[in-house]
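# Understanding the architecture of this molecule
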Amino acid sequence: MTTTGGSSAANTMANVPLDEMGATAVAPSAVPTLKVMRLQAPHLGSPAAGSLLSPNNLLSSNLLLPDSFGVIHVGETFSAYLGVLNSSLEMPVRGLSMVAQLQTPSRRILLPTALDRNNNNNNNNNNNGSSLEIAPGEGVDAIISRRLEEAGQHILRVEVSYSSNGDKTLRKFYRFNVTNPLQVTESVTRSGDATCLVSITVENIMEKQGAADGAVAVTSIGFDATDGLAAKQINIIDEETESDESNPIHNTMKRISAVKLYDSSVILQPGDSYQYLFSVKAESESAVLRGIAFGDELGKAYVVFTKTMGETGRLYSSSVVCPPTSYLTDDGSKNSKFVVQSSGLSVDVAAASAQRSSFGQGNGSLDEILPVTVEPIDPPSTMRLSVPEKISLLVVNHSNQAMNLQIQMRLSRMSGVVVCGPSYVTLGSVPPSGGSCTIDFRLVALVAGLFSVSGCYIVDLTTGMEVEQPVLFDVFAKLPADGVDEEEKKENLL
């Protein structure tokens, strides 16, 4: 859908040459006329006063051609018509070539056309190597397109060269502003050593730009994960749309009705917002072994939207990175509410240790505060009262030296859920730089309620250094059901 109308002052950029630079030439040439118009969709006609249509009715029987430049947003494709006319009826335009450039806030982009000098030299074999020649009363044209990737002021620069007693040039500059139709924000929560949950919020901010009627349909959203990672959208859907066959978003090969397509899209009125959730996991073997550490780039979210008249656009969020654990507060002190389970603490300590070994950075880094970490392996979320349960712990030595370690579960620092059986185990020599071992303890809940399993210490038997571990995990101790078999307790004690 294009806007015509050279009479429109906003769309027609030039009818008269702006700047002429003369030189010596052989043959005279007519002066070309440059016209530039933006190609855009029409608007919906509004009901006229006194009509039977409701004022709130979005549709009328008319479509209106734009009478101005209109609004253009980041993610849309900017298209323009470039026309060069020879208004002379006696003399041709000789040696014609055109160069179009789009200047963004950060760079200048060359927009290739069929009229630029390189293409014309390839298509013409005349002796002087000139470009096109326009016969009297005729013209040539071209269409340029470019997807807009940043907000701010843009300038379309069009330069037409021709030969008339020397090389002469016409230049035209067209300024327009590009705004963001949607605001995409992200929030990341860690969910283990190699998993992060990324929440994406999409908000229609056209209301803040004065476009109160700018409804947008979010037709697609996704997350482009970095190499080694994989992203999956987490959906809460009804049983009717649980299978791919009945979900119109996933089944693109089958014809669907307009109603189903509408229902499958998210319609955002100005000021509305919608949230999406993605799970980003390590997929490659190397990524799974390393895990996802603080500062690692997870990828970018993208949003495909459609405006009122079918104009489509594609937006990208900023790069999403893995956040740090909350073990240390902003002032460097330990967070008493921190829980090791699913926090990724061990991965962050390993990354800090590798960085310090490579760049020599220290002075209170995470691996110096926690040279040895203890992490529970699949701990239970609930425990029965007075029923012992086995807990497996992973001990990792992040220092650059082997350590003779002993793990202790100190009763004085435990409450509600305490160790049952031996309270310490000598691990022996644990290799440096990620050396690890696993050990099992038995815990028992003494009272019902929600408790934090704490009181874990690592002791270096060679130096006497003690490393207090943060809370390992939270567990809910519940009362046993009536008639609990005593043999279950005996089995757990074995």
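Residues numbered from 1 in each chain as written. Predicted model: local features only at pLDDT ≥ 70, side-chain atom pairs only at ≥ 80, totals over all residues. Heavy atoms only, no water.

### What about the overall build of the protein?
Each helix and strand counted, the protein has six helices and 31 strands in total. Counting the 494 residues in the protein, one finds 41% classified as buried. Long-range contacts, defined as pairs at least 24 residues apart, comprise 71% of the intrachain contacts of the protein with a sequence gap of at least 6. Carbon together with sulfur atoms contributes 50% to the accessible area of the protein, which is approximately 26,800 Å² in total. (Helix = DSSP H or I, 4+ residues; strand = E, 2+ residues; numbered from the N terminus. Buried < 20%, exposed > 50% of the residue type's maximum accessible area, 1.4 Å probe, protein only. Contact = heavy atoms within 4.5 Å. Areas by Shrake-Rupley, 256 points an atom, 1.4 Å probe, with all protein chains shown as cover.)

### Some remarks on the sheet that holds strand β13 (residues 195-204)
Either a parallel or an antiparallel arrangement is found when strands of a sheet pair, and the pairing is made through backbone hydrogen bonds. Strand order in the open sheet made by the four strands is β12-β13-β17-β15, with antiparallel pairing throughout. Each edge of the open sheet carries a strand with a single partner, namely β12 (182-190) and β15 (229-234). Each adjacent strand pair in this sheet contributes to an overall mean axis angle of 25°, direction not counted. Of the strand pairs in this sheet, β13 and strand β17 (residues 273-282) are connected by nine bridges, and their pairing is antiparallel. Following the sheet pairing, Ser-199 is matched in β17 by Leu-277. (Pairing = 2+ DSSP bridges. Axes fitted to C-alpha atoms, helices over the stretch in contact; angles between N-to-C directions.)

### What about the nonpolar core?
The biggest cluster of nonpolar side chains holds 59 residues, and the ones touching the most others in it are Leu-156, Phe-176, Ile-200, Val-202 and Leu-298. Per-element accounting of this core gives the leading share, five residues, to strand β6 (residues 93-103). Leaving out residues up to four positions away in the same chain, Phe-176 has contacts with Phe-69, Ile-72, Phe-78, Leu-102, Leu-148, Gly-152, Gln-153, His-154 and Leu-156. Core analysis: the second largest hydrophobic core is formed by 39 residues, Leu-385, Met-403, Leu-405 and Val-430 among them. (Core = buried A, V, L, I, M, F, W, Y, C linked by side-chain atoms within 4.5 Å.)

### A word on the pattern of salt bridges
Across all of its chains, the model carries eight salt bridges by this definition. The partner of Arg-107 in a salt bridge is Glu-149, with the nearest N and O atoms 3.4 Å apart. Placement of Arg-107 in the loop between β6 and β7 (108-111) and of Glu-149 in the loop between β9 (139-147) and β10 (152-163) is noted, with a sequence separation of 42 residues between them. Owing to a relative accessible area of 41%, Arg-107 belongs among the partly exposed residues under this scheme. In this structure Glu-149 comes out as partly exposed when scored by relative accessible area, which is 48%. Taking the shortest distance from any N to any O, the salt bridge between Arg-413 and Glu-468 comes out at 3.3 Å. In this pair, Arg-413 is assigned in the loop between β24 (403-409) and β25 (417-419) and Glu-468 in strand β30 (residues 466-468), connecting sequence segments 55 residues apart. The network of salt bridges with shared partners includes Arg-107, Arg-147 and Glu-149. (Salt bridge = Lys/Arg side-chain N within 4 Å of Asp/Glu carboxyl O.)

### Thoughts on the side chain of Gln-40
For Gln-40, the location among the structural elements is in the loop between β1 (33-38) and β2 (43-44). In this structure the side chain of Gln-40 is engaged in a polar contact, spanning 3.3 Å, whose partner is the side chain of Arg-38. (Polar contact = N/O pair within 3.5 Å; in protein donor to acceptor, adjacent residues only side chain to side chain.)

### So, the packing of aromatic side chains
Applying the stated rule across the entire model yields six aromatic pairs. Judged by centre distance (5.0 Å) and plane angle (55°), the ring pair of Tyr-274 and Tyr-276 falls under tilted. The exposure class of Tyr-274 is partly exposed, given its relative accessible area of 40%. A relative accessible area of 8% places Tyr-276 in the buried class. Here the aromatic residues Phe-78, Tyr-174 and Phe-176 are joined through ring pairs into a cluster of three or more. When the ring centre of Tyr-302 is taken as reference, the NZ or CZ atom of Arg-314 above it lies at 4.2 Å. Positioned above the aromatic ring of Tyr-457, the side-chain terminus of Arg-410 is 3.9 Å from the ring centre. (Phe/Tyr/Trp six-rings, centres within 6.5 Å; stacked < 30°, edge-to-face > 60°. Lys NZ or Arg CZ within 6 Å of the ring centre and 35° of its normal.)

### Comments concerning the pairing of strand β18 (residues 297-306)
Within β18, eight of the ten residues are buried, leaving the element largely enclosed by the surrounding structure. Relative to β18, strand β14 (residues 216-225) is paired through eight bridges, and the arrangement is antiparallel. Across the sheet, the residue bridging to Phe-223 is Ala-301, located in β18. Here two bridges tie β18 to strand β20 (residues 320-321), and the two strands are oriented antiparallel to one another. Opposite Glu-297, over in β20, you have Val-321 as the bridge partner. Linking β18 to strand β19 (residues 312-316), which pair antiparallel, is a turn of five residues; within it Gly-310 sits at a positive phi near 90°.

### Observations regarding unusual backbone geometry
In this model, Ser-342 sits at a positive phi of 60°, which is unusual for a non-glycine residue. With respect to the helices and strands, Ser-342 occurs in the loop between β20 and α4 (345-359). The partly exposed category is assigned to Ser-342, whose relative accessible area is 35%. Phi is positive for Asp-378, close to 50°, though the residue is something other than glycine. Considering the arrangement of structural elements, one finds Asp-378 in the loop between β21 (372-377) and β22 (382-384). Relative accessible area serves as the criterion here: at 74%, Asp-378 is assigned to the exposed category.

### Topic: the confidence of the model for the protein
Looking at the protein as a whole, its pLDDT mean stands at 81, while 76% of the residues score no less than 70. Of the regions scoring below 50 in pLDDT, residues 1-25 engages in 73 contacts with residues more than four places distant in sequence or in other chains. Across residues 121-130, confidence stays below pLDDT 50; counting only partners more than four residues off in sequence or on other chains, it has eight contacts. (pLDDT = per-residue confidence, 0-100.)

### Considering the sheet that holds strand β26 (residues 424-430)
In spatial order, the strands read β26-β24-β29-β30; together these four strands make up an open sheet with antiparallel pairing. The two strands at the open ends of the sheet, each matched to only one other strand, are β26 and β30. Across this sheet, the average inter-strand angle for adjacent strands is 20°, counted without regard to direction. In the sheet, β24 pairs with strand β29 (residues 456-460) via five bridges, with the strands oriented antiparallel. The residue of β29 that forms the bridge with Gln-406 is Val-459.

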